[in-house]
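Descriptive structure summary
Listed below, chain by chain, are the residues.
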Amino acid sequence: MSRATPKAPSVIEQVRSAPGTAVKAAIVDLDGVIRGKYLSRDKFLSAVKPGSGGGFGFCDCVLGWDVNDQVYDNAHAVGWHHGFPDAKVRLDLSTFRTIPWENGMPFFLGEFVKAEGESETPHPLCPRQVLKRVLRRAEKLGVQPMCGMEFEWYNFAETPQSWAAKHFVQPQPLTPGMYGYSLLRMSLHREFVRALMEELPQFGIQLEGLHTETGPGAYEAAIAFGGALEAADRAVLFKNSAKEIGARFGIMPTFMAKWNPAYAGSSGHIHQSLSDGKTNLFYSAKSPRSMSPLFESYLAGQISCLMDFGPLMWPTINSYKRLVDGFWAPVKPTWGLDNRTASFRVIAGSPKSTRLETRCPGADVNPYLAMAAVIAAGLRGVEDKLKLTAEPITGANQGGENIPRSPRTLIETTRIFQRSAIARDWLGAEFVDHFAASREWEWRQWLDGVTDWEMKRYFEII
């Protein structure tokens, strides 16, 4: 399902007649965090006025700092040495929504562009532009990637103030114990659940399902399938919206990949298929597996190129704490038929439902970059007409015993990514170098930190 694209004059008239005098505008940084501002209605109308050059300025620091607003010291494209000028943000009028929990305030997503005289080009570091670059290449291949995301996450009875007062240890889970698919647990917080189910669709984020996962305060949501760009927009907005809605009820969601070693991690599964605008090109009635040759090449590409795009699917230090044997998260580039222990789960059924579920990413991904990664890997298989030579695993990784497991650290995947000719081809060399620098920075912050694990292990004994 995808939203109808509104026409610009209609959008502008709706903003003119909206309650209040402000518009909310946002972009997404390298880590998938929404950064934005409130614009006056007049400023918005000026930014989208035809023939005026359009857009508005937004400090490019958001492409040059980390999740704690610390500036990278190893980046070349953005940084103190450039003076952090404004970059131009172009609002995408097709992303128009109104925020039901903010009295119907208009909302727009935007993307960075580079202004060069009278012309504009996509900003090479902007995550939304990186995904659009991949989608333009898909268009040249005559296919339309369709995607949907599922997120697992944990909810806590905390506020930013209470969490800081605890010195960021021992958060209070929303509910106790392991109780997956529990209507009882959800009914204990029915107002929060109802707000998610009713208000998110009003904000253009249609949920197909919502249930508790196995873990204290753990939930999972499936976001409706649609065109890849729309699906990524929904996924980005879902994470931020769950936090905004949760705050009303004294609930703090976290999309960390692994908050506690005793419990399963949180995933960010990506469902994909390719369409010609009418037909699901992954389905074939002639195949005993219902998989078309195109589907097999797409899957072969993902198996082959998983490591080329590793830090886009596991972007944080914490991502790799989820990649533990025996804890649901797949740790090898394996595929299987409706097998949840594989990285690539083939769901082969009807012409409508046949698709690939890439299960290895965590909930901490930047949806734009994770979708760009899986689609690029798959389309590389399509371009090169790769054959699916690997056999599907069965049971608990039977058949995958001799396949090397994924790296366990961010710096390992970052080095592979930075050297990858495939990543540079699909995502652009400037982006690869900058994102690799940002991950190397993140790794160094971890190396400099002293953790509670070290204090417990060494403080008294050593």
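Our subject is the structure that appears above.
A quick note: this is a predicted structure, and the numbers were derived from the prediction, not measured.

Turning our attention to the overall build of the protein. Secondary structure summary: the protein contains 14 helices and 16 strands in total. For 462 residues, the compact-globule formula gives about 23 Å, and the C-alpha radius of gyration of the protein, at 22 Å, lands near that figure. For the protein, the spread of C-alpha atoms along the three principal axes comes to 60 × 60 × 50 Å. A buried classification covers 55% of the 462 residues belonging to the protein. Here the contacts in the protein between residues at least 6 apart in sequence split such that 71% fall between residues at least 24 apart. Surface accessibility of the protein: about 20600 Å² in total, with carbon and sulfur atoms responsible for 54%. The centroid of the 51 positive side-chain charges in the protein is displaced by 4 Å from the centroid of its 49 negative side-chain charges.

In this structure the tally under the stated criterion is 28 salt bridges. Two residues, Asp233 and Arg128, come together in a salt bridge whose shortest N-O distance is 2.9 Å. In this pair, Asp233 is assigned in helix α7 (residues 228–248) and Arg128 in helix α3 (residues 127–140), connecting sequence segments 105 residues apart. With respect to burial, Asp233 and Arg128 carry one shared label: buried. Salt bridges sharing partners connect three or more residues here, namely Asp92, Glu111, Arg128, Lys132 and Asp233.

So, about the environment of His269. With respect to the element layout, His269 can be found in strand β13 (residues 268–275). For His269, a relative accessible area of 4% gives the class buried. It is 6.7 Å that separates the C-alpha atoms of His269 and Phe151, two residues lying 118 residues apart in sequence. A polar side-chain atom of His269 sits 3.0 Å from a polar atom in the side chain of Ser267. A distance of 3.5 Å separates a polar atom in the side chain of His269 from a polar atom in the side chain of Arg359.

To continue, consider the nonpolar core. Judged by nonpolar contacts, the single largest core of 98 residues is most densely connected at Phe238, Phe309, Ile375 and Leu427. Top element by residues in this core is helix α10 (residues 367–383). It accounts for 12 residues. Sequence-distant contacts of Leu427, that is, excluding residues within four places in its chain, are made with Val130, Arg133, Val134, Phe309, Leu312, Ala372, Phe417 and Val432. Grouped together as the second largest cluster of nonpolar side chains are 29 residues, Ile12, Val23, Cys61 and Val71 included.

Our focus in this paragraph is unusual backbone geometry. The phi dihedral of Phe168 falls on the positive side, at around 65°, and the residue is not glycine. Position of Phe168 relative to the elements: it lies in the loop between α4 (160–165) and α5 (183–188). The class for Phe168 is exposed, based on a relative accessible area of 53%.

For the rest of this paragraph, the subject is α10. Here α10 spans 24 Å end to end across 17 residues, near enough to the 24 Å set by a 1.5 Å rise per residue. Counting buried residues along α10, 15 of its 17 residues qualify, which places the element largely inside the surrounding structure. Between the side-chain oxygen of the N-cap and the backbone nitrogen of Tyr368 there are 3.1 Å, and the N-cap of α10 in question is Asn366. Lys385 sits one or two residues past α10 and shows a positive phi near 50°.

Among the structural elements, Gln302 can be located in helix α8 (residues 293–305). Residues Gln302 and Val374 lie 72 residues apart in sequence; the distance between their C-alpha atoms is 6.6 Å. Here Thr358 takes part through its side chain, which lies 2.8 Å from a polar atom of the side chain of Gln302. For Gln302, the side chain forms a polar contact with the main-chain oxygen of Val374, separated by 2.9 Å.

Parameters and conventions
- Residues numbered from 1 in each chain as written.
- Predicted model: local features only at pLDDT ≥ 70, side-chain atom pairs only at ≥ 80, totals over all residues.
- Heavy atoms only, no water.
- Helix = DSSP H or I, 4+ residues; strand = E, 2+ residues; numbered from the N terminus.
- Rg over C-alpha atoms; globule rule 2.2 N^0.38 Å.
- Buried < 20%, exposed > 50% of the residue type's maximum accessible area, 1.4 Å probe, protein only.
- Contact = heavy atoms within 4.5 Å.
- Areas by Shrake-Rupley, 256 points an atom, 1.4 Å probe, with all protein chains shown as cover.
- Lys, Arg positive; Asp, Glu negative; His and termini not counted.
- Charge placed at Lys NZ, Arg CZ, Asp CG, Glu CD.
- Salt bridge = Lys/Arg side-chain N within 4 Å of Asp/Glu carboxyl O.
- Polar contact = N/O pair within 3.5 Å; in protein donor to acceptor, adjacent residues only side chain to side chain.
- Core = buried A, V, L, I, M, F, W, Y, C linked by side-chain atoms within 4.5 Å.
- Expected span 1.5 Å × (residues − 1).

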